[in-house]
Protein chains: 2
Amino acid sequence: MVLQPALSGLPRGRPATESLTTVAPGASQEEIRRQNLGALLRHVHVHGPTTRAQLTSRLGLNRSTIGALAGDLVAAGLVTEDVAPSVTRRAGRPSLVVSPRSDGVYARALSIEAGKLRAARIGLGGRILDLRETVRPAGMSAVDAVGALADMVRDMERAVTADAVCVGGAVAVADTARDSDGRIRFSGPDETLRAALEAEIAVGLPFLAGDLADIAGLAEHIRGAAAGSGNLVYLHGDLGVSAGLIIDGRLVVGHQGHGGQVGHMVVNPNGRPCWCGSRGCWETEIGEAALLRHAGREPDAAGGVAEVLRAAAQGEPAATEAVRRVAEWLGFGVANLVNIINPDTVVLGGSLGEIYAAASDTVRHRLGEVALPTSWPQVQLRTAALGCDAALIGAAELAFERLLADPLNVGGAA
Amino acid sequence: MVLQPALSGLPRGRPATESLTTVAPGASQEEIRRQNLGALLRHVHVHGPTTRAQLTSRLGLNRSTIGALAGDLVAAGLVTEDVAPSVTRRAGRPSLVVSPRSDGVYARALSIEAGKLRAARIGLGGRILDLRETVRPAGMSAVDAVGALADMVRDMERAVTADAVCVGGAVAVADTARDSDGRIRFSGPDETLRAALEAEIAVGLPFLAGDLADIAGLAEHIRGAAAGSGNLVYLHGDLGVSAGLIIDGRLVVGHQGHGGQVGHMVVNPNGRPCWCGSRGCWETEIGEAALLRHAGREPDAAGGVAEVLRAAAQGEPAATEAVRRVAEWLGFGVANLVNIINPDTVVLGGSLGEIYAAASDTVRHRLGEVALPTSWPQVQLRTAALGCDAALIGAAELAFERLLADPLNVGGAA
């Protein structure tokens, strides 16, 4: 089985030896203006309302250039400029505040998760304007989910005002799914899914697709627990375990887009068979199924991970031991990733965030035993900040990327 | 122990959220010319002599621009232009061939390896012009090696003609070394080493320092077994085991420069204690010491890895079993890296290259058992092409980078 690149439609890196970035003469002034417009819009998109004075110092441009750029973005309907109430009282001319037009410019963000389907309209600046959710039944493939997602999008679009502009959309797809017979299998994004979404939902607009852990990691990196991190491992646990990797500030997904399949790093060669065909994969030790098994629960026990964590908090021995054991293996595997990648931050999301919150001392102790003393003391371990919305927020970030790269040249459609 | 960033002095990536690449108005025409000069010089540096006609099509610039750029580079003494003998016979005006001036423009490349010290003068285009080598005794730290390296450099400089220009230098440092009592310890590059080299060898010129596996991997990526690869895992075995990672075409070294310490990925939780303080590290299963131990040799047996491989080729049972066992664990660990990083190419260098050459079927079989079926069938496994010169060639590539980024503004010193 060979999937399409997981981040379909996104630009990919080129080999260093081929970095023949020749620039055609003549295009330069336009190129500079485009870059500066993008830098200004990106700043207010990520950091929120910002005064012209702050933009002048943070972007390293002079006042008149900032004024002209902001004026262009106001004219394009992408930002607003207002006098800040707190600023008017000061002496001298008040600095205008530039804000993203969250209500007027939005992306369609979708997620196809292990057990649910979600759709949102997310405004520039990362604000969730509207959101729908429905159940994803076992056995429903990602492509089968397009109809339900399209219904939710159409329902949301009824409330959109005539002057609002949609800049595109993206979908985050969990890379494992449950078949109707209960078995787990791979189910990442592919070109078929992307084409179906473009046909059903985003006529005339680009639609991007990526792995859920990659996209949720991007969201945590841009506006979550890892804001400012240059090298991030975002670990996501649901049915499976996978990672989103930000390296030197950029999301990386590998040659075919399958990078970050850390759930299938073998940590216990004598461990249990994994559904992937191997044995002793990290997922067999820290996945939701492992926690339930160690705690003596059925694989489909009501409440799942949360119930076991509650029981452990109340002192139930089997649950306590299950949490301890999973936390040990969590620290062990994080140590391997720290040694391989040397991140500054590891963010734990989904079920792994809950387990870390309940047993962080155990995780950190095991991490310290296994990871190199040169690397792990400087690693920040954090639980995800954006919770279950990370995938949708990250999908919107993907969709906004084209606008931020060239603010005045992105045609929208309602 | 906290080391300095391993690639001291190199520009590092910035978080995506901070990609505020504002361009100052006015600098544009100069910036375009600089980029185009760099692109042309990089092309002939990597690909060798190239006709103006080929450059026109490969760089996407018109004939007159290529002619002007080549003229500037000739005037600066960086390239030569000649009529190619095979071209003169054709009809029409012959296309000039642009070649890097390997004899006139060079870098000082050094390596501090597990058991030896090497120094070379390497010309533009990657040609080794001169090379010296001496033994590195056990217990000699990287900083202690500076004197011997400086002696070799001074010796080589005596043969340099007055018009030759040195553009800088770099050193590749093996990240493990043997103490005088025989124990292995970390010994990566640090700021002290870099400062000592700048003071002793490169007065007035920048001197870069990096991990040997990173730098050898860069060399294999630019002009070795992984030329054209966008996502490369270069695995190097000597005293230790470490990796150089090229992701989306760029060398990545992690937050503090310690990325790629794959030798300390734990693969066998019940395995042998590792000198790093952990247990069952990959290095304890595939390092040179593991091969010698399995083969019943002493840790410092004469001939080392090569002797065991010869004995295995001649059918000695203990040596054969040792090679098989190391090859199994090699395939196992490569599978983990394939699942985590999804590279297009894995290059095996040092002792691991020799083991792969002797037992590639075993390595590939185990890789296929452990790695995800989505990822491994597309991975190219190769032995290193540049052999023991990879570290020096890669160090020269680091040193040339500044010249290639801005060909006419790099001051040199003889």
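Chain A goes by Sugar kinase of the NBD/HSP70 family, may contain an N-terminal HTH domain in an unreviewed UniProt entry, where it is assigned to Micromonospora krabiensis. We quote the UniProt Sequence similarities (unreviewed entry) comment for chain A here in full: "Belongs to the ROK (NagC/XylR) family."

So, on to the pattern of salt bridges. All names here are of chain A. Tallied over the entire structure, the rule returns 48 salt bridges over all chains. Its salt-bridge partner being R34, residue E31 comes within 2.3 Å of it at the nearest N-O pair. A residue pair is termed a helical-turn pair when its members lie 3 or 4 positions apart in one helix, as E31 and R34 do in helix α1 (residues 28-47) at three residues. The partly exposed category is assigned to E31, whose relative accessible area is 27%.

Our next topic: the pairing of strand β14 (residues 345-350) of chain B. Residue and element names in this part refer to chain B. For β14, the tally of buried residues reaches five of six residues, placing the bulk of the element in the interior. Note: strand β11 (residues 232-237) against β14, six bridges, orientation parallel. What sits directly across from G237, in β14, is G350. Where β14 meets strand β15 (residues 380-383), four bridges bridge the pair, whose relative direction is parallel. Paired with L348 across the two strands is T383, which belongs to β15.

What follows is about the sheet that holds β15 of chain B. Residue and element names in this part refer to chain B. Ordered by their spatial adjacency, five strands build an open sheet running β13-β12-β11-β14-β15, and the pairing between neighbours is mixed. Whereas interior strands pair on both sides, the edge strands pair on one side only; in this sheet they are β13 (250-252) and β15. The average angle at which neighbouring strand axes cross in this sheet is 25°, direction not considered. Inspection of the sheet shows β11 paired to strand β12 (residues 241-247) by six bridges, in the antiparallel sense. In the sheet register, H236 faces β12, and the bridge partner there is S242. Sitting on the sheet, helix α11 (residues 317-341) is in contact with β11, β12 and β14, with an inclination near 150° to β11.

Moving on, we get to the confidence of the model for chain A. In the predicted model, chain A carries a mean pLDDT of 88, and the fraction of residues at 70 or more is 90%. Confidence over residues 1-21 of chain A falls short of pLDDT 50; this stretch has 64 contacts with residues more than four positions distant or in other chains.

Conventions we followed
Residues numbered from 1 in each chain as written. Chains lettered and ligands numbered in written order. Predicted model: local features only at pLDDT ≥ 70, side-chain atom pairs only at ≥ 80, totals over all residues. Heavy atoms only, no water. UniProt positions renumbered as here; feature names shortened; annotations may be inferred. Salt bridge = Lys/Arg side-chain N within 4 Å of Asp/Glu carboxyl O. Helix = DSSP H or I, 4+ residues; strand = E, 2+ residues; numbered from the N terminus. Buried < 20%, exposed > 50% of the residue type's maximum accessible area, 1.4 Å probe, protein only. Pairing = 2+ DSSP bridges. Axes fitted to C-alpha atoms, helices over the stretch in contact; angles between N-to-C directions. Contact = heavy atoms within 4.5 Å. pLDDT = per-residue confidence, 0-100.

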